[in-house]
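# Coordinate analysis (summary)
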Amino acid sequence: MTVHFIGAGPGDPELLTLKAQRLISDCPVCLYAGSLVPPEVVACAPEGARVMDTAAMTLEQTHAEIRAAHARGEDVARVHSGDPSLYGAIAEQIRRLKADGIPYDIVPGVPAYAAAAAALGQELTIPEIAQSVVLTRMSMQSTAMPPGETLENFGRTGATLAIHLAVRNLREIERQLTPHYGADCPVVVAYRVGWPDQLLIRGTLADIRAKVRAEKITRTALILVGPALGEARDFRDSALYDPMKPHVLRPVAGVDLVEDHNI
């Protein structure tokens with residue numbers, strides 16, 4: 001048997017990959033994080049499958065279910081929200097699988113920041129404005145951040161920040177990032193991206209906290225910060241399609257490629 005860690009995407013069942021859907025449809029055991037993965041995502045599980053919402057379960061309880069499935073020779077679909085490589089809490093599960101000699105694989109999913117950018121209808125990397133995206137979070141009640149991985153340090157780069165698990169800490173985000181981005185820096189709070197009640201709140205570092213408070217949002221939100229989120233129009237085109245920037249598939253416009261018999 002195999003444990004398949006499956007990225008379900010941000011919530012929209014249509015954002016499941018074909019491979020993810022096939023595996024969920026084939027596995028006789030399906031464990032899914034119901035607080036972040038809607039039941040519609042696992043509705044394709046086979047008839048009679050053991051489908052369990054793990055939101056109220058401990059790590060040891062979910063592992064016990066996997067060990068029992070392993071003893072029965074049954075594949076397990078372990079379904080997580082977004083992409084399991086990012087805050088998926090799969091590292092500690094994999095450690096236990098390895099200790100017990102249980103095979104596993106990982107199926108990537110659409111991460112929340114990508115789904116949020118799509119919902120906003122814009123790119124997160126704008127030429128000469130922002131060319132990097134930093135995926136991070138804040139400690140709050142979860143495990144501590146490693147030394148050096150602070151918002152202030154990331155803010156010094158000017159990159160687009162995708163901040164997870166921090167919607168209750170907008171005051172601190174404003175305090176740490178305003179010196180680097182300015183109070184008028186664009187901010188987007190993306191609430192439950194991909195769900196029917198999805199909400200995108202646009203603001204700035206100066207006013208986003210009040211806007212989010214007015215909507216009574218306290219969880220399940222991603223915070224995007226950076227100048228690339230603005231209505232930038234005065235930026236240069238990327239070199240990707242520049243006719244004067246040749247690459248192996250496109251010569252410089254107007255220059256014929258001729259064979260040089262002297263070489």
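Looking at an unreviewed UniProt entry, the chain carries the name Precorrin-4 C(11)-methyltransferase, with the source organism given as Maritimibacter fusiformis. What the UniProt record of the chain gives under Sequence similarities (unreviewed entry) is the line "Belongs to the precorrin methyltransferase family."

A separate point is the nonpolar core. With 24 residues, the main nonpolar core has Leu-161, Ile-163, Ile-173, Leu-177, Ile-223 and Val-225 as its most contacted residues. Those elements giving two or more residues to this core turn out to be helix 5 (151-155), strand 7 (160-164), helix 6 (170-181), strand 8 (186-191), helix 7 (208-214) and strand 10 (221-225). Sorting elements by how many residues they give to this core places helix 6 first, with 4 residues. When neighbours within four sequence positions are excluded, Ile-163 is seen to be in contact with Thr-136, Arg-137, Met-138, Leu-151, Ile-173, Leu-177, Leu-222, Ile-223 and Val-225. Grouped together as the second largest cluster of nonpolar side chains are 18 residues, Ile-24, Val-41, Ala-45 and Val-79 included.

Bringing the packing of helix 2 (residues 59-72) against helix 3 (residues 91-99) into the picture now. Two elements in contact, helix 2 and helix 3, have axes separated by 11 Å at closest approach and are oriented at 45°. Our classification of the angle between helix 2 and helix 3 gives oblique. Where helix 2 crosses over helix 3, the two elements pack in a sense that is right-handed. In this structure, helix 2 contributes Leu-59, Glu-60, His-63 and Ile-66 to the contact, and helix 3 contributes Glu-92, Gln-93, Arg-96 and Leu-97. Along the lines of polarity and charge, the residues of the contact of helix 2 with helix 3 split into 3 nonpolar, 2 polar and 3 charged.

Close approach of charged atoms allows side chains of opposite charge to pair. For the structure shown, the criterion picks out 8 salt bridges. Note that Asp-100 and Arg-67 form a salt bridge whose closest N and O atoms lie 3.7 Å from each other. Here the residue Asp-100 occupies a position in the loop between helix 3 and strand 5 (104-107), and Arg-67 occupies one in helix 2, the gap between them amounting to 33 residues. Take Asp-100: its relative accessible area is 34%, and that puts it in the partly exposed class.

About the thresholds
Residues numbered from 1 in each chain as written. Predicted model: local features only at pLDDT ≥ 70, side-chain atom pairs only at ≥ 80, totals over all residues. Heavy atoms only, no water. UniProt positions renumbered as here; feature names shortened; annotations may be inferred. Core = buried A, V, L, I, M, F, W, Y, C linked by side-chain atoms within 4.5 Å. Buried < 20%, exposed > 50% of the residue type's maximum accessible area, 1.4 Å probe, protein only. Helix = DSSP H or I, 4+ residues; strand = E, 2+ residues; numbered from the N terminus. Contact = heavy atoms within 4.5 Å. Axes fitted to C-alpha atoms, helices over the stretch in contact; angles between N-to-C directions. Parallel < 35°, antiparallel > 145°, perpendicular 65-115°, else oblique. Left-handed = near helix turned anticlockwise from the far one by under 90°. Nonpolar A, V, L, I, M, F, W, Y, C, P; charged D, E, K, R; others polar. Salt bridge = Lys/Arg side-chain N within 4 Å of Asp/Glu carboxyl O.

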